[in-house]
Amino acid sequence: GNSVTQMEGPVTLSEEAFLTINCTYTATGYPSLFWYVQYPGEGLQLLLKATKADDKGSNKGFEATYRKETTSFHLEKGSVQVSDSAVYFCALMGNQGGKLIFGQGTELSVKP
Amino acid sequence: SAVISQKPSRDICQRGTSLTIQCQVDSQVTMMFWYRQQPGQSLTLIATANQGSEATYESGFVIDKFPISRPNLTFSTLTVSNMSPEDSSIYLCSVGTSGGRTYNEQFFGPGTRLTVL
């Protein structure tokens, strides 16, 4: 079945450091891929998405490229801020739509 | 994007009781979903709730434990029945948005943080 694997956290970075959170997936067909973010004490927010191979999703300085050849959707940001401290979830939706399958989440902590 | 609210935002309940969680959306949506996020864990889909039909439950979740109602296109409820401490989780509803023939985005409510003593 479909599954998502994320790099384990927590990840601790200094402000302005480069961020990569790895995400790989297993799926049949052509899933859509997502990154969600959960700030402390808040609900889940959609950060970015990509719906087909080679698509790049971007938002708030974060980017992720849908790589079908490596079945990956790594999240990157060139310069993180303290306000980026949160838990990041990679997720996929199968090509029939419907439910999301989430990775285990990666906690990011950015220190000033 | 849809604006989603949930009630209650949090609750502390006694073992053996039941809690009904409400999810309200500011627009009509066909697909609504209920997820559970256990402490320190990822999200797991409990069931899909479509208006006018019975909810579809994922493996490991049953209607007797998690009955769901979907009376119209803007509202749904999830009941956690006969609770035990293992039911302590955040329960989130989400709605699917259509990008053509299939639903390719989901937006989440703020969640209901449930603690069972």
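The structure we're discussing is the one just above.
Residues numbered from 1 in each chain as written. Chains lettered and ligands numbered in written order. Predicted model: local features only at pLDDT ≥ 70, side-chain atom pairs only at ≥ 80, totals over all residues. Heavy atoms only, no water.

Draft legend 1. Just unusual backbone geometry, in detail. Here the bond from G9(A) into P10(A) is cis, since omega is -5°, no more than 30 degrees from zero. Among the secondary structure elements, P10(A) is positioned in the loop between strand 1 (3-6) and strand 2 (11-14). Cis geometry is found at the peptide bond from K7(B) to P8(B), where omega equals -10°. By secondary structure assignment, the location of P8(B) is in the loop between strand 1 (4-7) and strand 2 (10-13). (Helix = DSSP H or I, 4+ residues; strand = E, 2+ residues; numbered from the N terminus.)

Draft legend 2. Just the interface of chain A and chain B, in detail. Across the boundary between the two partners, chain A contributes 20 residues, which contact 19 residues of chain B. Buried area between chain A and chain B, both sides added, is near 1,400 Å², and the carbon and sulfur share of it is 56%. It is L44(A), K99(A) and F102(A) that lose the most area in chain A upon contact with chain B, and together they represent 28% of the buried surface on that side. Where chain A packs against chain B, one counts two salt bridges. Note that K49(A) is salt-bridged to E105(B), the shortest N-O span being 2.6 Å. Those elements that provide at least two residues to the side of chain A that touches chain B are strand 5 (32-38), strand 6 (44-50), strand 10 (86-93) and strand 11 (100-102) of chain A. The element best represented in the side of chain A that touches chain B is strand 5 of chain A, accounting for four residues. The residue inventory of the side of chain A that touches chain B, partitioned by class, reads eight nonpolar, 10 polar and two charged. (Contact = heavy atoms within 4.5 Å. Buried area = accessible area lost by both parts, 1.4 Å probe. Salt bridge = Lys/Arg side-chain N within 4 Å of Asp/Glu carboxyl O. Nonpolar A, V, L, I, M, F, W, Y, C, P; charged D, E, K, R; others polar.)

Draft legend 3. Summary view of the packing of aromatic side chains. Evaluated as defined, the whole model comprises 12 aromatic pairs over all chains. Aromatic pair F89(A) and F102(A): ring centres 6.1 Å apart, planes at 90°, arrangement edge-to-face. In this pair, F89(A) is assigned in strand 10 and F102(A) in strand 11, connecting sequence segments 13 residues apart. Each member of the pair, F89(A) together with F102(A), is buried. Ring centres 5.6 Å apart and planes at 65° place the aromatic pair F61(B) and F66(B) in the edge-to-face group. For the pair F61(B) and F66(B), a shared accessibility class is recorded, and that class is buried. (Phe/Tyr/Trp six-rings, centres within 6.5 Å; stacked < 30°, edge-to-face > 60°. Buried < 20%, exposed > 50% of the residue type's maximum accessible area, 1.4 Å probe, protein only.)

Draft legend 4. Quick peek at the sheet that holds strand 7 (residues 56-59) of chain A. All names here are of chain A. Strand order in the open sheet formed by four strands is 3-9-8-7, with antiparallel pairing between adjacent strands. Of all the strands in the sheet, just strand 3 (19-21) and strand 7 have a single pairing partner and so form its edges. Pairwise comparison of adjacent strand axes, ignoring direction, gives a mean angle of 15° for this sheet. In the sheet, strand 7 pairs with strand 8 (residues 62-65) via four bridges, with the strands oriented antiparallel. Pairing of S58 across the sheet is with E63, part of strand 8. (Pairing = 2+ DSSP bridges. Axes fitted to C-alpha atoms, helices over the stretch in contact; angles between N-to-C directions.)

Draft legend 5. Spatial organisation of the state of the cysteines. Summed over all chains, the structure comprises two disulfides over all chains. Residue pairing for C23(A): its cysteine sulfur links by disulfide to C90(A), the two sulfurs lying 1.9 Å apart. Disulfide C23(A) to C90(A): torsion about the S-S bond roughly -70°, handedness left-handed. On the criterion of sequence distance, the pair formed by C23(A) in strand 4 (residues 23-26) and C90(A) in strand 10 is long-range, its members being 67 residues apart. For C23(A), a relative accessible area of 1% corresponds to the buried category. What pairs with C23(B) in a disulfide is C93(B), and their sulfur atoms sit 1.9 Å apart. Between C23(B) and C93(B), the S-S dihedral sits near 70°, and the bridge is therefore right-handed. Here C93(B) lies in strand 9 (residues 89-98) and C23(B) lies in strand 3 (residues 19-25), a separation of 70 residues in the sequence. By relative accessible area, C23(B) is classed as buried at 0%. You can call C93(B) buried: its relative accessible area is 0%. Free cysteine: C13(B), not disulfide-bonded; nearest cysteine sulfur from C93(B) at 17 Å. (Disulfide = S-S within 2.5 Å.)

Draft legend 6. Quick peek at the pattern of salt bridges. Counted by the stated rule, this structure contains six salt bridges over all chains. Residue K52(A) is joined to D55(A) by a salt bridge in which the shortest nitrogen-to-oxygen separation is 3.3 Å. Given the relative accessible area of 52%, K52(A) is considered exposed. Note that K65(B) and D87(B) form a salt bridge whose closest N and O atoms lie 2.6 Å from each other.

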